[in-house]
Amino acid sequence: MDLNSASTVVLQVLTQATSQDTAVLKPAEEQLKQWETQPGFYSVLLNIFTNHSLDVNVRWLAVLYFKNGIDRYWRRVAPHAISEEEKSTLRAGLITNFNEPVNQIATQISVLIAKVARVDCPRQWPELIPTLVESVKVQDDLQQHRALLTLYHVTKTLASKRLAADRKLFYDLTSSIYSFACSLWNHHTDTFLQQICTGDEAAAANSLERTLLSLKVLRKLTVNGFVEPHWNAEVMVSTENESLKNDSYEMSDLLGRSVRAESICRDRLEKTIILFTKVLLDFLDQHPFSFTALIQRSLEFSVSYVFTEAGEGVVFEQFIVQCMNLIKMIVKNYAYKPSKNIEDSSPETLEAHKIKTAFFTYPTLMEICRRLVTHYFLLTKEELTMWEEDPESFSKKYLLIFQPCTEVLFIDIFHEYNQTLTPVLLEMVHSLQGPTNMENTNAILIKDAVYNAVGLAAYELFDSVDFDQWFKNQLLAELQVSHDSYKPIRRRVIWLIGQWISVKFKSDLRPVLYEAIRNLLQDRDLVVNDFEFRTDQFLPYLESMFTLLFQLLQEVTQCDTKMHVLHVLSCVIERVNMQIRPYVGCLVQYLPLLWKQSEEHNMLRCAILTTLIHLVQGLGADSKNLYPFLLPVIQLSTDVSQPPHVYLLEDGLELWLVTLENSPCLTPELLRIFQNMSALLGKMFSNYLNVSINIWIKL
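In the nomenclature of an unreviewed UniProt entry, the chain corresponds to Importin-11 from the organism Zosterops lateralis melanops. What UniProt records for the chain under Subunit (unreviewed entry) is the sentence "Interacts with UBE2E3 and RPL12." What UniProt records for the chain under Sequence similarities (unreviewed entry) is the sentence "Belongs to the importin beta family."

Below, the structure written as structure tokens:
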């Protein structure tokens, strides 16, 4: 492809390929696809996307076609591979200058350079890293930023390679540029702090962007560039300075500025602070023994900001989550746990364990436990308002990032230090015995939080809590309090019982519990749980419970909630089996409607299939009355030509088998579904082979 004559033609076709008119767009895309394997095509693309005078959309498309071509045709063994001569020209052209003015295009160019580097650096492209390092040093802000952006993507890509030879090359690369990367990060950080102190926020925002990029580079080098980082003093010093900073004042200053800064600068500040913590988390994960020297400072840093007054008013949610994850990883790290026979433990393990033990004193553990329960477990006013206005959305939000993180940390710390923390938690429980003032919202929320902690620690508290007595003397009465403000406690108590019922709960108390659950269902005041139950004890409540659960299934609107209620209904049907027959008429009539409504929600359809499996087993031969609905459902779920089969096939095959097992005779409609079997066996769905064979046998 002659570059001079081809450039005009390719430019014209690329322009057509950006059109919104499909009549123009489709032929252009076909022409570009034909050119992908033509010699010189990627040189033309390079000339186009580096020409800043051309339309941005055209240049963007040229970059994308170039990037896709690297994936398909850059390697020597690829069909229609780009020639070595053209690749050499392209490599040189890609790093001629770093002055792309459009951020999105600059990012794509950096990514495609990294893709080439993954294949060619350093053997076929030894000049890449030196060129990037020199370009990062220039005074021009744009060129410096673009070179730094490219250096980050290159180090990120090379760090991800896992073959031993590739790892060795990355170790060599790291040793050659690590000092430079450290000085680069220190320089940009100092520049940012100076500019923010002088009030030059525009310059500070630019410097902060470079601080963030240089820290990203340093993170990859630190975590992936050394076999044993603790033998390198520069690594240990830089890791501590990167993430814990030189003193707590500087981090407090950064956190404080993130609260006060304008939105763009605040966003970058928060990203930078989070990246500090990610360096520590990655370093701990990849090099636990190298991290030993940082355990003390890391714990002091995290506990100070999350569990003392030092963090009040300055910390933000994601930072708290990262600090909690850091504490959790140190607490439960197996590398830091001595063997039962101390002599079998390594000196590194014993040293780490010694540091942990010295830090987690009784006062520290007590403060962490109390803060977790009485501060982080508390429902907020916003959550209470959401609960009132939209209970289903509240239940989903409550299970997102922050709450699970605090609860997991509590569980891990309580498990590790249960002998120390059990008396602390029991004292909190004892202080809440007796009635609670309905007008005191804070007291109600504290009780909710403490009950949450007791539920999470149920297995650890087995020998310390007489749950049966607690249920009879207090919890049952709290379930019967109907005051609106007590709703959080009613919800929490029923959840708490669900946590303890498989740990310690006498069977003769269960009828009383079923009565309480029924009352809560009638008031729509229950988080539905799949309790364990004895069938004979549950049967007197079966009709009312099933009816109330079915009504709840009809009333809720969100897919996740319907799935949850269906799961509980399925558990009930499975346990009582044939005794469900008198009560399923309403559910049988409703499921076809629900199936139709869930056409775009395959996971809900999976829940419906599970319910149908248990229904067919419970109805036995009477399940033939379901065939007008049941058989089309099986047909769709086991048809591998239909997209939903990816989600529905496993449960669909199980339903098919159960239907055959309970069919009084083989009807033509049942036999017709067998046409799906040849495609199933032809595609060799090995995971389902046993079920398929059993279906074949039944037929």
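After that view, the rundown keeps rolling.
## Here's the deal with the overall build of the chain
Within the chain, the secondary structure is distributed over 35 helices and zero strands. The contacts of the chain with a sequence gap of at least 6 include a subset with a gap of at least 24, amounting to 73%. Measuring between centres, the 63 positive side-chain charges of the chain sit 3 Å from its 81 negative side-chain charges.

## A word on the UniProt feature "domain: Importin N-terminal" (unreviewed entry) in the chain
Residues annotated by UniProt as "domain: Importin N-terminal" (unreviewed entry) correspond here to residues 28-100. The span residues 28-100 is 63% helical and 0% strand by assignment, and the distance between its end C-alpha atoms comes to 26 Å.

## Comments concerning helix α28 (residues 559-576)
With 18 residues, α28 extends 26 Å from end C-alpha to end C-alpha; this agrees with the ideal 26 Å at 1.5 Å per step. Phi turns positive one or two residues past the end of α28, at N577, with a value near 55 degrees.

## Things to note about the environment of L169
Structurally, the position occupied by L169 is in helix α9 (residues 164-197). Take L169: its relative accessible area is 24%, and that puts it in the partly exposed class. Spatially, the C-alpha atom of L169 lies 9.7 Å from that of R123, the residues being 46 residues apart in sequence. Excluding residues that lie within four positions of it along the chain, L169 makes contacts with P122 and R123.

## A few points about a nonpolar patch on the surface
The grouping of M603, V646 and Y647 at the surface amounts to a nonpolar patch, some 320 Å² of accessible area in total. Summarising the element assignment, Y647 is placed in helix α32 (residues 645-661). Residue class for Y647 comes out partly exposed when judged on its relative accessible area of 44%.

## Regarding the pattern of salt bridges
A complete count under the given rule lists 22 salt bridges for this structure. Salt-bridge contacts for D172 lead to K168; the nearest nitrogen and oxygen are separated by 3.0 Å. Within this pair, D172 and its partner K168 are both found in helix α9, separated by four residues, close to a single helical turn. For K168, a relative accessible area of 46% translates into the label partly exposed. Where E478 meets K447, a salt bridge forms, and the shortest distance between an N and an O atom there is 2.7 Å. Of the two residues, E478 is situated in helix α23 (residues 467-479) and K447 in helix α22 (residues 441-456); the sequence distance between them amounts to 31 residues. You can call E478 buried: its relative accessible area is 4%. Residue classification places K447 among the buried residues on the basis of a relative accessible area of 1%. Here the residues in one salt-bridge network are R76, E84 and K87, joined through shared partners.

Parameters at a glance
Residues numbered from 1 in each chain as written. Predicted model: local features only at pLDDT ≥ 70, side-chain atom pairs only at ≥ 80, totals over all residues. Heavy atoms only, no water. UniProt positions renumbered as here; feature names shortened; annotations may be inferred. Helix = DSSP H or I, 4+ residues; strand = E, 2+ residues; numbered from the N terminus. Contact = heavy atoms within 4.5 Å. Lys, Arg positive; Asp, Glu negative; His and termini not counted. Charge placed at Lys NZ, Arg CZ, Asp CG, Glu CD. Expected span 1.5 Å × (residues − 1). Buried < 20%, exposed > 50% of the residue type's maximum accessible area, 1.4 Å probe, protein only. Patch = residues over 30% accessible without salt bridge, like charges linked within 9 Å, V, L, I, M, F, W, Y side chains within 5 Å. Areas by Shrake-Rupley, 256 points an atom, 1.4 Å probe, with all protein chains shown as cover. Salt bridge = Lys/Arg side-chain N within 4 Å of Asp/Glu carboxyl O.

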